[in-house]
Amino acid sequence: MSIGDIVNLMRGGIIQVLMLILPALVVALVVGLIVALFQAVTSIQEQTLTFLPKLISILMVVFFLSGWMFTELSGYTVDLFNMIPRLAR
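Let me begin by describing the structure that accompanies this report. Every value quoted in this text rests on a predicted model; they were computed, and no experiment measured them.

Considerations on the overall build of the protein
At step 1: When its secondary structure is counted, the protein shows two helices and zero strands.
At step 2: In terms of principal-axis extent, the alpha carbons of the protein reach across some 65 × 25 × 15 Å.
At step 3: In the form shown here, the protein has an accessible surface area of approximately 6,800 Å², with 78% of it arising from carbon and sulfur atoms.
At step 4: Averaging the locations of the 4 positively and 4 negatively charged side chains of the protein gives two centres separated by 10 Å.

So this is what it looks like as structure tokens:
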């Protein structure tokens, strides 16, 4: 196993993690901006107001995309296990 193989494995893992978490992060960002805009317009400065909408939106994203996430993660895992014999040489 060379340094290039290790770098490729790490790069693939980081890309996989980013691809799986990006939808939830984008939704949390959008919901946070909407709640912040609502707080600015109404002059409500409660810091805990953003927690529940973000939590619910992230849970909804994970619920609706869990099939896709599982498929992507299991495909990546199968690819890793298929690489083991080649990397052991």
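Thoughts on the packing of helix H1 (residues 3-42) against helix H2 (residues 51-88)
At step 1: Here H1 crosses H2 at 175°, and the two axes come no closer than 11 Å. Between H1 and H2, the crossing angle belongs to the class labelled roughly antiparallel.
At step 2: Partitioning the contact of H1 with H2 into residue classes produces 20 nonpolar, five polar and four charged.

Quick look at H2
At step 1: Given a rise of 1.5 Å per residue, 38 residues ought to cover 56 Å, yet the end C-alpha atoms of H2 are separated by just 47 Å, more than 12% below that figure.
At step 2: Taking the largest bend as the criterion, H2 deviates by roughly 60°, centred on Leu 65.
At step 3: Of all the residues in H2, the buried ones are Ser 57, Val 61, Met 69, Tyr 76 and Leu 87.
At step 4: Contact partners of the buried residues in H2: H1.

Here's the deal with the side chain of Gln 16
At step 1: Of note, Gln 16 is situated in helix H1.
At step 2: Ignoring any residue separated from it by four or fewer positions in sequence, one finds Gln 16 in contact with Glu 72, Leu 73 and Tyr 76.

Reading guide: rules and limits
Residues numbered from 1 in each chain as written. Predicted model: local features only at pLDDT ≥ 70, side-chain atom pairs only at ≥ 80, totals over all residues. Heavy atoms only, no water. Helix = DSSP H or I, 4+ residues; strand = E, 2+ residues; numbered from the N terminus. Areas by Shrake-Rupley, 256 points an atom, 1.4 Å probe, with all protein chains shown as cover. Lys, Arg positive; Asp, Glu negative; His and termini not counted. Charge placed at Lys NZ, Arg CZ, Asp CG, Glu CD. Axes fitted to C-alpha atoms, helices over the stretch in contact; angles between N-to-C directions. Parallel < 35°, antiparallel > 145°, perpendicular 65-115°, else oblique. Nonpolar A, V, L, I, M, F, W, Y, C, P; charged D, E, K, R; others polar. Expected span 1.5 Å × (residues − 1). Bend = angle between axes of the 7 residues up to and from the residue. Buried < 20%, exposed > 50% of the residue type's maximum accessible area, 1.4 Å probe, protein only. Contact = heavy atoms within 4.5 Å.

All we've got here are geometric facts, nothing functional implied.
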